[in-house]
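Understanding the architecture of this molecule
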Amino acid sequence: MTDELAVNEKQGQKIECPCRECNRSTKHEIISEATLSGASGSRDYEIYWATEYQIVRCLGCETFAFRRTNSNSEDGYIQISEDEWIDNIREDIYPSPHEGRQPISDSHLLPEKIERIYDESLAALNSRQEVLCGIGVRAIIETVCKDKAAVGPNLYKQIDSLVSQGVLTQDGANILHKLRTLGNNAAHEVKPHTPKELGLAFDVVDHLLLGVYILPEHAKKTFK
């Protein structure tokens with residue numbers, strides 16, 4: 001099969017992707033788009049692939065960015081929970097919305113071990129070391145569980161234990177389970193995740209550390 005080029009088939013569509021200026025994931029409009037697709041391999045076993053090149057504009061701050069996605073029939077889907085799967089699409093945004101991401105405010109208030117693994121994981125994110133960053137996200141969760149004396153034979157049970165302790169809400173635990181799966185894929189399958197996935201994972205980690213450690217420290221000093 002020869003390569004095929006399709007131009008502006010998705011022009012005007014709305015998508016969600018990270019925005020460097022808004023510092024979060026926002027709705028974007030596809031201004032211009034071209035998709036190159038094709039197949040490789042033998043007649044008996046072909047691998048289908050597609051690469052999208054898009055100029056997108058944030059519907060919040062109205063800034064422009066270049067977005068590229070890659071997918072193929074071999075990558076299949078990513079399992080993010082027991083009953084939830086998403087397409088395994090690699091996304092790159094230029095300029096990178098995660099380049100130079102700053103640590104959470106007052107990260108010096110974190111316990112020493114958590115601050116260290118947090119800083120190293122953030123450095124991996126900023127240097128585009130996706131596998132190491134995924135492993136680091138899981139390590140942060142494990143270290144929080146250990147610091148809070150969570151009980152259970154595995155990380156799944158330990159996260160649930162944080163709910164019974166009142167450290168986490170059930171919704172928070174559900175999100176951490178998804179991050180646990182992300183970390184498992186990185187650690188056991190050496191599987192890189194996209195900058196968008198890792199950026200969202202760090203948003204969740206920041207929220208976790210803010211609620212469990214940083215805000216309580218500020219409350220102690222403010223409401224004596």
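For the structure, check the block above.
Everything in this summary refers to the structure shown in the same document. (Residues numbered from 1 in each chain as written. Predicted model: local features only at pLDDT ≥ 70, side-chain atom pairs only at ≥ 80, totals over all residues. Heavy atoms only, no water.)

Moving on, we get to the pairing of strand β5 (residues 64–72). With 9 bridges connecting them, strand β4 (residues 46–58) and β5 associate as antiparallel partners. Paired with Arg57 across the two strands is Phe64, which belongs to β5. Linking β4 back to β5 in an antiparallel pair, the connection comprises 5 residues, with Glu62 at a positive phi of about 70 degrees. Alignment of β5 against strand β8 (residues 90–94), held across 5 bridges, turns out to be antiparallel. If you follow Arg68 over to β8, its bridge partner there is Asp92. (Pairing = 2+ DSSP bridges. Helix = DSSP H or I, 4+ residues; strand = E, 2+ residues; numbered from the N terminus.)

Let us now look at the nonpolar core. Nonpolar side chains in soluble globular proteins tend to be buried together. Formed by 33 residues in total, the largest nonpolar core has its most connected members in Tyr118, Ile141, Ile159, Leu176, Leu179 and Leu209. Those elements that place two or more of their residues in this core are α1 (112–126), α2 (130–147), α3 (155–164), α4 (170–189) and α5 (195–222). Filtering out sequence-adjacent residues up to four positions away, Tyr118 remains in contact with Pro103, Ile104, Ile140, Phe202, Val205, Asp206 and Leu209. Counting 6 residues, the second-largest nonpolar core is a separate cluster that includes Ile15, Cys17, Ile30 and Ile93. (Core = buried A, V, L, I, M, F, W, Y, C linked by side-chain atoms within 4.5 Å. Buried < 20%, exposed > 50% of the residue type's maximum accessible area, 1.4 Å probe, protein only. Contact = heavy atoms within 4.5 Å.)

With omega at -5 degrees, the peptide bond leading from Tyr94 into Pro95 counts as cis. Within the element layout of this structure, Pro95 appears in the loop between β8 and α1. Even without a glycine there, the phi angle at Asp106 is positive, about 60 degrees. Structurally, Asp106 can be placed in the loop between β8 and α1. On the accessibility criterion, Asp106 (30% relative accessible area) is partly exposed. Residue Ala149 is not a glycine yet carries a positive backbone phi of 55 degrees. With respect to the helices and strands, the residue Ala149 is situated in the loop between α2 and α3.

Moving on, we get to the packing of α3 against α4. Packing of α3 against α4 leaves a shortest axis separation of 9 Å and a crossing angle of 160 degrees. Comparing the axis directions of α3 and α4 gives the class roughly antiparallel. Here α3 and α4 pass one another in a crossing that is right-handed. For the pair formed by α3 and α4, the contact residues are Leu155, Tyr156, Ile159, Asp160 and Val163 on the first element and Gln170, Ala173, Leu176, His177 and Arg180 on the second. Looking at the contact of α3 with α4 residue by residue, the classes come out as 6 nonpolar, 2 polar and 2 charged. (Axes fitted to C-alpha atoms, helices over the stretch in contact; angles between N-to-C directions. Parallel < 35°, antiparallel > 145°, perpendicular 65-115°, else oblique. Left-handed = near helix turned anticlockwise from the far one by under 90°. Nonpolar A, V, L, I, M, F, W, Y, C, P; charged D, E, K, R; others polar.)

Where α2 meets α3, the axes come as close as 10 Å, and the angle between the chain directions of the two elements is 55 degrees. Relative to α3, the element α2 is oriented oblique. Viewed along their axes, α2 and α3 form a crossing whose handedness is left-handed. From α2, Arg138, Ile141, Glu142 and Cys145 reach across to α3, where they touch Leu155, Gln158, Ile159 and Leu162.

Moving on, we come to the pattern of salt bridges. Tallied over the full model, the rule gives 12 salt bridges. A salt bridge links Lys10 to Glu52; the shortest N-O distance between them is 2.3 Å. Taken as a pair, Lys10 in the loop between β1 (4–7) and β2 (14–19) and Glu52 in strand β4 lie far apart in primary sequence, 42 residues in all. A salt bridge links Asp92 to Arg68; the nearest nitrogen and oxygen atoms lie 3.3 Å apart. In this pair, Asp92 sits in strand β8 while Arg68 sits in strand β5, placing the two residues 24 residues apart along the sequence. Linked through salt bridges whose partners overlap, the residues forming this network are Arg68, Arg90, Asp92, Arg128 and Glu130. (Salt bridge = Lys/Arg side-chain N within 4 Å of Asp/Glu carboxyl O.)

The analysis is restricted to geometry; functional conclusions fall outside its scope.
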